[in-house]
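# Structural features, examined
Each chain is listed here by its residues.
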Amino acid sequence: MRALVAVKRVIDYNVKIRVKADQSGVETANVKFSVNPFDEIAIEEAVRLKEAGIVSEVVAVSIGPSEAQEVLRSALALGADSAILVETNGETQPLAVAKILKALAVRQSPQLIILGKQAIDDDSNQTGQMLAALLGWPQGTFASKLVVKDGRAEVTREIDGGLETVSLALPAVVTTDLRLNEPRYANLPNIMKAKRKPFEIIPAADLGLDLAPRLITLRVDAPPKRQAGVKVPDVAALVDKLKTEAKVI
């Protein structure tokens, strides 16, 4: 069984985001990029399924500029067998990503597609759901546990009211949540082996898809600075401020 794993290149979560002076977006020049943390969980889960003998091949896929090869090399070092980069320098919104992943799914014929529930740059949480709809496959989102056996995927989902378990007929789409697993670190031998694994680059234009953005960003604003706290001498003063200034009591 083949598993397809989507990997997005995002600004590293340790980087302090800065808005451009013209408010058209965020600064990306000379900024560290890395694998989207939720996609790291997706890679780890696919590799664990391979190690368990359930999945025979893990294919990592990314969409973006040539620099995205770096995150795919990371996926290969973590255990993916091959990688595909759909190269584009344009903006790819969730629907466009879902269309590309559908086209690759038709080519690769995976039984399971795993991707992070969202990317930390836009937090859209849309691609997995759109992909399942385009393919007509069942979906298990926000997965905190995944069991694959007898041609089905049993997904324990994190929902507002607690946990929900769904049983999906394969092929299926699964999106990962934080508690699904803890990603491993790539060791030096695997990093070296990753350089020799199959790596394919496909220009996005060759897929013949309409990838035009449907949404237009009008302006990006930095969050307002938080005001400094105020110390009060006693409980009476605290209660007074809560009444007169905060007006919460």
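Further up the page is the structure itself.
Just so it is clear, the model here is predicted, and its values are computed rather than measured.

A word on the packing of helix H3 (residues 94-108) against helix H4 (residues 127-135). Where H3 meets H4, the axes come as close as 8 Å, and the angle between the chain directions of the two elements is 45 degrees. When the interaxial angle is binned, H3 and H4 end up oblique. The handedness of the crossing between H3 and H4 comes out as right-handed. Residues Pro94, Leu95, Val97, Ala98, Lys99, Leu101, Lys102 and Ala105 of H3 form the contact with H4, whose own contacting residues are Thr127, Met130, Leu131, Leu134 and Leu135.

What describes a pair of aromatic rings is the distance from one ring centre to the other and the angle between the planes of the rings. This model, assessed by the stated rule, comprises zero aromatic pairs. Sitting over the ring of Phe33, Arg9 keeps its end group 3.7 Å from the ring centre.

The subject of this paragraph is the pairing of strand S7 (residues 139-149). Looking at chain direction, S7 and strand S10 (residues 172-176) are connected through three bridges and run parallel. Paired with Gln139 across the two strands is Val173, which belongs to S10. With six bridges connecting them, S7 and strand S8 (residues 152-159) associate as antiparallel partners. Counterpart to Lys149 in the pairing with S8 is Arg152. The hairpin turn running from S7 into S8, its antiparallel successor, is two residues long, and Asp150 in that turn takes a positive phi close to 55 degrees.

Rules of the game
- Residues numbered from 1 in each chain as written.
- Predicted model: local features only at pLDDT ≥ 70, side-chain atom pairs only at ≥ 80, totals over all residues.
- Heavy atoms only, no water.
- Axes fitted to C-alpha atoms, helices over the stretch in contact; angles between N-to-C directions.
- Helix = DSSP H or I, 4+ residues; strand = E, 2+ residues; numbered from the N terminus.
- Parallel < 35°, antiparallel > 145°, perpendicular 65-115°, else oblique.
- Left-handed = near helix turned anticlockwise from the far one by under 90°.
- Contact = heavy atoms within 4.5 Å.
- Phe/Tyr/Trp six-rings, centres within 6.5 Å; stacked < 30°, edge-to-face > 60°.
- Lys NZ or Arg CZ within 6 Å of the ring centre and 35° of its normal.
- Pairing = 2+ DSSP bridges.

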